[in-house]
Amino acid sequence: METMLKNKKIQVTGLSKENEVVNITNRENGAYPVRMETRNLNVKYGKVSAVKNISLPVYNERVTALIGPSGCGKTTFLRALNRMHDLTRNASVTGEVLLDGNNIYNPKVNPVTIRRKIGMVFQKPTPFPTMSIFNNVVAGLKLVGIRNKALLNEVCEKALTQAALFDEVKDRLNSPGGSLSGGQQQRLSIARALAIEPEVLLMDEPTSSLDPQSSSKIEDLIHELKKNYAIVIVTHNLQQAGRVSDYTGFFFLGELIEFGETEKMYTNPAHKRTEEYLTGKFG
Amino acid sequence: MKKKEEQINNVLKKPVGIIYRWLGDRIFLSAAVILGLSIIFLSLSMAWVLYGEGSLSFGEFGFWGFLRGTTWDPGIQLIFGALPFIFGTIVTSVAALLIAFFPAMAIGIFIAEYAPRWLGNIIENLVHLIAAIPSVVIGIWGIFVFAPWMREKVYLPVFNWAAEHYPSLLPVLGNPMGYGMASAIIILALMIIPYTTALTRDAIRQVPKEQREAAWALGATRWEVIRMAVIPYARGGILAGAILSFGRAIGETMAVAMLIGNKNNFPFSIMGPAATMPSVIINEFREAVGSLHLSSLMAIGFVLFVISLIVNLLAAYITRKLSISGGQVA
C-alpha cells in the first residue's frame, strides 16, 4: 500500500510541472477579469505540507470549483484565500494571494478587513443559535457599526431574497436561527455572508450536509449569485462541480494537477490522473 | 483465508459461559440499581434525620417562626431564630458571587481564548492550586495577614473618614476591627473564583470551532468573536458555573467562621461581625448542652440542606434551559 502511494506521488510531481504551463495559458485566455489570484501558494501544518506551490486564478462573475479526493488540500487552499489559517496555531502560509492585484498576506493588511471582502460559507450550517434570524443576517453589518434600522431591514430582506430564503422566513424573522431546518440554516449562512456584500464568495462543501432538494436549491442559488460575485466552491460531488462551475481545478496530494474550463476538463481532461479521477478509477 | 473464516466460526459457535450471559447481566444490573437507589435513600434519610432532630425547635417556635426569628440567645432566654444566619449566608454568598463573577469570567476567557497555551496552563494550574488550599489554611492566613491588613489600610481609614464627614453612616459600617462581614465576603470571593473560572473555561472550550470560524469569516475581531459567537453559546455553562459557585459559597464553613466575627443577633453591619448558617453550627455545636439549642442547630442544618438543594436544582434547570446542542436552542 505504501509503495503504491509513493509511486503515485512520483507520477504526480512529474505532472505538476507541465501543469503550471497549462495554468498560465488558461489565465491569459480568460474572457472574464481575474478577481483573485494565488501565486506559488504553500500551506504547511507544522512540517507537513498540505498545499504545494499552487498558482490559480479566480475569475470575476464565474464559478471556480475545486475538486479532488479527500485530504488533497482543497479546503486548506480555500481557507488560505481569506486568511482563515491565521487562526490555526501551527499553520503557516507562504506565497501570494492577490485580491484585485493586492497581496492579502502583506503584513500591512488587516485580516479582519480581508474577511469582510471575502465571504465564506462552511460545510456545516453555522447560524448563531441564540440570535434571531434577522440578527443572524445582519450580524456582519452590526460588526461594522451599522445601526440604522431601516437600512438593516432592507439589507436583511435583500440578502434573504438572494439566498432564496425570504419567502420561507419572512413571517418569523425574530425566531432563533437554530429553529430552522438544516437546508434553511445553510441558506441563512449564505444570506449572512451575502449581507456584508463581499467581493468574492468562498464555499466549502456547502451542500455536503444537506438533502438533495436543499442541495439543488443552493446550486440554483450559486447560478444566480455568480452574476455579481466571483465564487470559489470546494465540492466532493463531481456532478455538482460539473453543473455549477465554469472553471475547475483538480487537486491531488496538495498539488494542482489541472486547471481549466469545466466543460473542457470534463470532456477532454489533459492529464491521465484527472481522467482517472473523473471516471471514478480512484478517489 | 478459509482458515481464518473457520477460526472465526469456531469462536462464534463456542458456547459462552452462563456468567457472561444471563447471570452476569443480572448481577451487574442489580448492583447498579442498588447503588443508584442508595444515593436517593441516603439524601432522603439525611434530610429526614435533620428535620427529625430539628423538629423540637420547629415545634417550639413554629417552622416559619423559627425562620423569621431575629433573636438567637442560647444563654438566658433560650430563644432561637434563624433569620440572622439565613440573612448572613445569603448576603455573604451573593456579595462574594458578585465580586468574583466578572473577574473569574475574565480569567476563564483569557485562559481559553487569549493566552498562549503555556501561559494558559500555568494560570490554570495556579487557579486549581487556590481551589486545592484547605479552607482552614485560608482562614489562618485571613486571621493573621488579611484581616489586620484590611483593618489598617481599608476599614480604619474608611471608618475615620465616615466619622468626620457622615457620622450617620457609622452604624451601617460597623466596628472596623477587621473580623466581620466584609472580610468574610472578600475571602469567600477569592475562594469561589477558581470554580467559576474552571467552569467558564470548560463552557467556552465546548463552543464548536465552526461557530468561531463563522464569526471570524464575517470579519469579526477577536473580542467580537467572543461576544458574538462564544459567550452566547457558552452562556448556559457559564451561568450554571456561577450558581454552583454560589452553592459552594453558601456551604463554605471554616474560613468564614474564622473571619466573620461570629455575632449572632441582628442588626449586622458591613465591616462589623456577623454570622452565617455554617459558621453558627460549627461554633456552637460543642457547647450546645440544652436539647432545644441542639435541635435549633439541627434545624439550621436542615434549612441549609434545603437551600443548597434548591441552588443545585436551579443550576441544573438553567443549564438545561440555556444549553445549545447541535445548533438548536433547546
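Please refer to the structure placed before this passage.
Keep in mind that what you see is a predicted model, and the values were worked out from it rather than measured.

**Overview of the interface of chain A and chain B**
It is common to give the size of an interface as the accessible area that goes away when the parts come together.
Turning to step 1, where the next piece is worked out: Counting residues at the interface gives 28 residues for chain A and 25 residues for chain B.
Turning to step 2, where the next piece is worked out: On the surface where chain A and chain B come into contact, there are three salt bridges.
Turning to step 3, where the next piece is worked out: In this structure, Arg116 of chain A engages Glu224 of chain B in a salt bridge whose closest nitrogen and oxygen atoms are separated by 4.0 Å.
Turning to step 4, where the next piece is worked out: Taken together, chain A and chain B are joined by three residue pairs in polar contact (both at pLDDT 80 or more).
Turning to step 5, where the next piece is worked out: At the level of elements, α3 (111-117), β6 (118-121), α5 (139-143) and α8 (182-195) of chain A are the ones that each hand at least two residues to the side of chain A that touches chain B.
Turning to step 6, where the next piece is worked out: Tallied by class, residues from the side of chain A that touches chain B come to 16 nonpolar, six polar and six charged.

**Notes on the sheet that holds strand β2 (residues 48-59) of chain A**
Hydrogen bonding along the main chain pairs the strands of a sheet, whether they run parallel or antiparallel.
Turning to step 1, where the next piece is worked out: Taken in spatial order, the four strands of this open sheet run β2-β1-β4-β5 (chain A), and their pairing is antiparallel. Both edges of this open sheet fall to β2 and β5 (102-103) of chain A, since each of them pairs with a single strand only.

**Here's the deal with the pattern of salt bridges**
Turning to step 1, where the next piece is worked out: For the structure on display, the rule yields 24 salt bridges over all chains.
Turning to step 2, where the next piece is worked out: Between Lys158 of chain A and Glu197 of chain A there is a salt bridge whose closest N-O contact spans 3.0 Å. With a gap of 39 residues between them, Lys158 of chain A in helix α6 (residues 149-162) and Glu197 of chain A in the loop between α8 and β7 (200-204) connect regions that are remote in the sequence.
Turning to step 3, where the next piece is worked out: Among the ionic pairs, Arg205 of chain B bridges to Glu124 of chain B, the shortest N-O distance being 4.0 Å. With Arg205 of chain B in helix α8 (residues 181-205) and Glu124 of chain B in helix α5 (residues 117-132), this pair connects stretches of sequence that are 81 residues apart.
Turning to step 4, where the next piece is worked out: Exposure remark for Arg205 of chain B: the relative accessible area of 49% places this residue in the partly exposed category.

**Quick look at the packing of helix α9 (residues 209-217) of chain B against helix α10 (residues 222-251) of chain B**
Residues and elements named next belong to chain B.
Turning to step 1, where the next piece is worked out: Their axes nearest at 9 Å, the elements α9 and α10 cross at an angle of 145°. Considering the relative orientation of α9 and α10, their crossing is right-handed. On the side of α9, the interface is formed by Gln211, Arg212, Ala215 and Trp216, while α10 contributes Arg222, Val225, Met228, Ala229, Val230 and Tyr233.

**What about the sheet that holds β7 of chain A?**
Residue and element names in this part refer to chain A.
Turning to step 1, where the next piece is worked out: Pairing is mixed across the open sheet formed by six strands, whose spatial order is β6-β7-β8-β3-β9-β10. Lying at the two open borders of the sheet, with one neighbouring strand each, are β6 and β10 (255-261). Across the sheet, the axes of successive neighbouring strands diverge by a mean angle of 15°, strand direction being ignored.
Turning to step 2, where the next piece is worked out: Across six bridges, strand β9 (residues 247-252) lies against β10 in antiparallel orientation. Bridge pairing in β10 places Phe250 opposite Glu258.
Turning to step 3, where the next piece is worked out: Helix α9 (residues 212-225) rests against β3 (63-67), β7 and β8 (230-234) of the sheet, and its axis sits at about 150° to β8.

**Things to note about the packing of helix α4 (residues 83-114) of chain B against α8 of chain B**
Pairs of packed helices are described in terms of their axes, by the angle between the two and the distance that separates them.
Residues and elements named next belong to chain B.
Turning to step 1, where the next piece is worked out: Closest axis-to-axis distance for the α4/α8 pair is 5 Å, and the angle between their directions is 40°. Between α4 and α8, the angle is such that the two are oblique. Considering only the axes of α4 and α8, their crossing is right-handed.
Turning to step 2, where the next piece is worked out: Residue composition of the contact of α4 with α8, by class: 21 nonpolar, six polar and three charged.

Cut-offs applied
- Residues numbered from 1 in each chain as written.
- Chains lettered and ligands numbered in written order.
- Predicted model: local features only at pLDDT ≥ 70, side-chain atom pairs only at ≥ 80, totals over all residues.
- Heavy atoms only, no water.
- Contact = heavy atoms within 4.5 Å.
- Salt bridge = Lys/Arg side-chain N within 4 Å of Asp/Glu carboxyl O.
- Polar contact = N/O pair within 3.5 Å; in protein donor to acceptor, adjacent residues only side chain to side chain.
- Helix = DSSP H or I, 4+ residues; strand = E, 2+ residues; numbered from the N terminus.
- Nonpolar A, V, L, I, M, F, W, Y, C, P; charged D, E, K, R; others polar.
- Pairing = 2+ DSSP bridges.
- Buried < 20%, exposed > 50% of the residue type's maximum accessible area, 1.4 Å probe, protein only.
- Axes fitted to C-alpha atoms, helices over the stretch in contact; angles between N-to-C directions.
- Left-handed = near helix turned anticlockwise from the far one by under 90°.
- Parallel < 35°, antiparallel > 145°, perpendicular 65-115°, else oblique.

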